[in-house]
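Descriptive analysis of the structure
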Amino acid sequence: VPCSEAVARSFDPLPSGLRLGPTVPNGCDCRATAGRAAAARRESFPNARVLLMVARLDAIKDQQTLLRAFARAKLPGWELQLVGDGPRRSELEALITDLGLDAVVCCLGRRNDVPELLGQAELFAFSTTAAEGFGIALVEAMAAGLPVMASDVPACRELLADGTAGVLVPPADVDAWTQKLETLMADEGARQQLSLAARERANCYGIEACAGSWYAELLR
């Protein structure tokens, strides 16, 4: 049972003897995520505007492109937070230092308060590769009402409804990421519009609907 059409297509052609069931997305508790994010937003008084990415620090993701683009973006007053852990952490921390970003980029490691961190951010970025299968962190950001931008790869394109619920950026294209970052970080109105679209799209991945799909499949 694939979690996305992108994963289903990755099995083409199907190996002999394998049959795919219907696509059942990974579910997000959208109401709980939104509630925790909203509470944190009311209580937060951040010193800087926060650009946030939540993802494992491994080869499937592409924090490097985001870091290089953030280093080029010409907008003061912003901080980038990277949430997650993995085998590439030391490599990414070295890149942060090489780019002179130690004062404005924080590697927060594995966290249990992601909804609260989402509530304190103003923009969510999900720089990843074509190996991405779903991206539940992207759905959580959308549920929290954050404007989102993501790599234009099959899984993200599917989650963002071909770009109607968020900004799609060519993967690994530092120039394109820099341009989109500068545009969105400078335009609060655009971020607000994206926030509304993201919140509405997240409802498609609510845990209730996904649980119902699994229940129906298991009763077949």
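It should be noted that the structure appears before, not after, this text.
Structure report, in brief.

Conventions used here
Sequence order as written defines residue numbering, which begins from 1 separately in each chain. Predicted model: local features are reported for residues with pLDDT of at least 70 only, side-chain atom pairs are reported and counted for 80 or more only, and whole-chain, interface and lining totals are derived from all residues. Note: side-chain values were computed over all heavy atoms of the structure, leaving out hydrogens and water. Nonpolar cores were defined as sets of buried Ala, Val, Leu, Ile, Met, Phe, Trp, Tyr and Cys residues, with membership established by side-chain atoms within 4.5 Å. We call a residue buried when its accessible area falls under 20% of the maximum for its residue type, exposed when it is over 50%, and partly exposed in between, using a 1.4 Å probe and counting protein chains only. Any pair of residues with heavy atoms lying within 4.5 Å of one another is described as a contacting pair. In this analysis, strands are considered paired if DSSP registers two or more bridges between them. The helix and strand labels rest on DSSP assignments: H or I over at least four residues marks a helix, E over at least two residues marks a strand, and numbering proceeds from the N terminus. Interaxial angle, 0 to 180 degrees, is taken between N-to-C directions of lines fitted to C-alpha atoms, where a helix line uses only the stretch in contact.

Right, let's get into the nonpolar core. If you look at the biggest cluster of nonpolar residues, it comprises 65 residues, and the most contacted ones within it are Leu51, Leu52, Leu66, Leu67, Phe124, Leu138 and Met149. In this structure, Leu51 is in contact with Leu66, Phe70, Trp78, Glu79, Leu80, Gln81, Leu123, Phe124, Ala125 and Leu181, ignoring residues within four places of it in sequence.

Looking now at the sheet that holds strand S6 (residues 167-169). Taken together, 6 strands build an open sheet; the order of strands is S3-S2-S1-S4-S5-S6 and the sheet is parallel. Only two strands of the sheet have a single partner each, and these edge strands are strand S3 (105-109) and S6. Across the sheet, the mean angle from the axis of one strand to that of its neighbour is 25°, orientation sign disregarded. Pairing geometry for strand S1 (residues 49-54) and strand S2 (residues 78-83), over 6 bridges, is parallel. Counted as the bridge partner of Val50 is Glu79 from S2. Across the sheet, helix H6 (residues 136-143) lies against S1, strand S4 (123-126) and strand S5 (148-151), angled at about 165° from S4, the strand it touches most.

So, on to the side chain of Thr33. Summarising the element assignment, Thr33 is placed in helix H2 (residues 30-43). Contact partners of Thr33, with chain neighbours within four places excluded, come to Cys28, Pro115, Leu118, Glu140, Ala143 and Ala144.

Let us now look at helix H3 (residues 63-72). With respect to burial, H3 is a largely interior element, 7 of its 10 residues being buried. Within the sequence span of H3, burial applies to Gln63, Gln64, Thr65, Leu66, Leu67, Ala69 and Phe70. Contacts made by the buried residues of H3 are with S1, S2, helix H4 (89-98), S3, S4 and helix H8 (174-186).

Turning next to unusual backbone geometry. In the segment running from Asp12 into Pro13, the intervening peptide bond is cis, with an omega of 0°. Looking at the secondary structure, you find Pro13 in the loop between helix H1 (5-10) and H2. Phi at Ala161 takes a positive value of approximately 50°, unusual for a residue other than glycine. Structurally, Ala161 is set in the loop between helix H7 (154-159) and S6. Relative accessible area serves as the criterion here: at 23%, Ala161 is assigned to the partly exposed category.

These figures come from the coordinates and say nothing about function on their own.
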